[in-house]
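The residues making up each chain are set out below.
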Amino acid sequence: MPDSHSAFLDLLHAQRVWDTDLPSFDPAAAPDDPLTLFHTWFAEAVAAGQQEPHTMSLATVDEEGRPDVRTLMLHDADERGWHFASHATSAKGHQLAARPYAALGFYWPAQGRQVRVRGPVTAAGPAESLADLHARSTGALASALVGRQSEVLRTRDELVRASESAWERASLTPDAEVRSWTRYVVEPREAEFFQGDARRQHVRLRYRADGGGNGRGDGGSWVRELLWP
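**Student:** Quick one: what's the story with the environment of Pro188, residue by residue and with numbers?
**Tutor:** By secondary structure assignment, the location of Pro188 is in the loop between β7 (181-186) and β8 (190-195). On the basis of relative accessibility, which here comes to 2%, the residue Pro188 falls in the buried class. For the pair Pro188 and Trp82, spaced 106 residues apart in sequence, the C-alpha to C-alpha distance is 7.7 Å.

**Student:** If you had to explain the layout of surface pockets to someone new, which residues and values would you point to?
**Tutor:** Counted as a void, the largest pocket has a volume near 290 Å³. For the largest pocket, the lining is made up of 16 residues, of which Ala85, Ser86, Arg136, Gln149 and Trp181 are closest to its centre. No other element matches the 4 residues that strand β2 (residues 67-73) contributes to the lining of the largest pocket. Residues that form the lining of the largest pocket fall into these classes: 6 nonpolar, 7 polar and 3 charged. A per-class count over the lining of the second largest pocket returns 5 nonpolar, 2 polar and 3 charged.

**Student:** Provide a residue-level description of the side chain of His83, including the pertinent values.
**Tutor:** With respect to the secondary-structure elements, His83 resides in strand β4 (residues 81-87). On the accessibility criterion, His83 (1% relative accessible area) is buried. In this structure the side chain of His83 is engaged in a polar contact, spanning 3.0 Å, whose partner is the side chain of Arg183. Once residues lying within four places of it in the same chain are set aside, the contact partners of His83 are Met56, Met73, Leu74, His75, Asp76, Ala77, Asp78, Glu128, Arg183, Tyr184 and Val185.

**Student:** I'd love a proper account of the packing of aromatic side chains, names of residues and values included.
**Tutor:** With the rule as written, the count across this model stands at 12 aromatic pairs. Aromatic pair Phe38 and Trp108: ring centres 5.9 Å apart, planes at 40°, arrangement tilted. Of this pair, Phe38 sits in helix α2 (residues 34-47) while Trp108 sits in strand β5 (residues 101-108), placing them 70 residues apart in sequence. Taken as a pair, Phe38 and Trp108 share a single burial class, namely buried. Measuring from ring centre to ring centre gives 6.4 Å for Tyr207 and Trp222, while their planes differ by 90°; the resulting arrangement is edge-to-face. Remark: Trp222 occurs in strand β10 (residues 220-226) and Tyr207 occurs in strand β9 (residues 203-211); sequence separation between them is 15 residues. The exposure classification of Tyr207 matches that of Trp222, with both residues buried. Put simply, the rings of Phe25, Trp41, Phe193, Tyr207 and Trp222 pair up and form one aromatic cluster.

Calculation rules
- Residues numbered from 1 in each chain as written.
- Predicted model: local features only at pLDDT ≥ 70, side-chain atom pairs only at ≥ 80, totals over all residues.
- Heavy atoms only, no water.
- Helix = DSSP H or I, 4+ residues; strand = E, 2+ residues; numbered from the N terminus.
- Buried < 20%, exposed > 50% of the residue type's maximum accessible area, 1.4 Å probe, protein only.
- 1 Å grid on protein atoms, 1.4 Å probe; cavity = no way out; pocket = protein on both sides within 12 Å on 5 of 7 lines; lining within 4 Å.
- Points joined across faces, edges and corners; volume = space filled by probe spheres on them.
- Nonpolar A, V, L, I, M, F, W, Y, C, P; charged D, E, K, R; others polar.
- Polar contact = N/O pair within 3.5 Å; in protein donor to acceptor, adjacent residues only side chain to side chain.
- Contact = heavy atoms within 4.5 Å.
- Phe/Tyr/Trp six-rings, centres within 6.5 Å; stacked < 30°, edge-to-face > 60°.

Shown next, in the form of structure tokens:
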């Protein structure tokens, strides 16, 4: 065991961060709102060849206040907030129903960038959630039709049988409904943009909602703050 751990540490310490030329980021020239900057950074991540730039970490808390996190896909980012979808009957669905607040994290190592978003979560209505489901691939629909997300799986064969049946149904009935499928929107209260620097003089720009609204044009505004790295 000690030799195995030593080998792990050697491998761990041999890894390098941002072995590439990093872009510059002038926070003074950043737009007034985080959504505009997010759209720009997302497009630049794609242009830089970042794999799966639309994947993000979603953090929630359970009924005892213990944090939980997982990786999923971004479905949209607009004036309402950052969108994702899942089964309302899943672990994250139950957690959001009990405590509708979440944090998102994007990591784009191709450019040494991170984006963090925090805020309350609202569930979209059935029509929007159904439209979200049908905008996805046949495989995604089949996965949704299987359902039972986060439940204990007795055997792998049980999953294979359910998945094959769901694939067939998704192919034959592309407009099939999944009542538990829900689109969620994280309404930003804070959004932080992190630009890595080779000399560790990282730039951290935080947008914080201020005023009577939520910073999205309904009476509030955004306060921009630099943070120590």
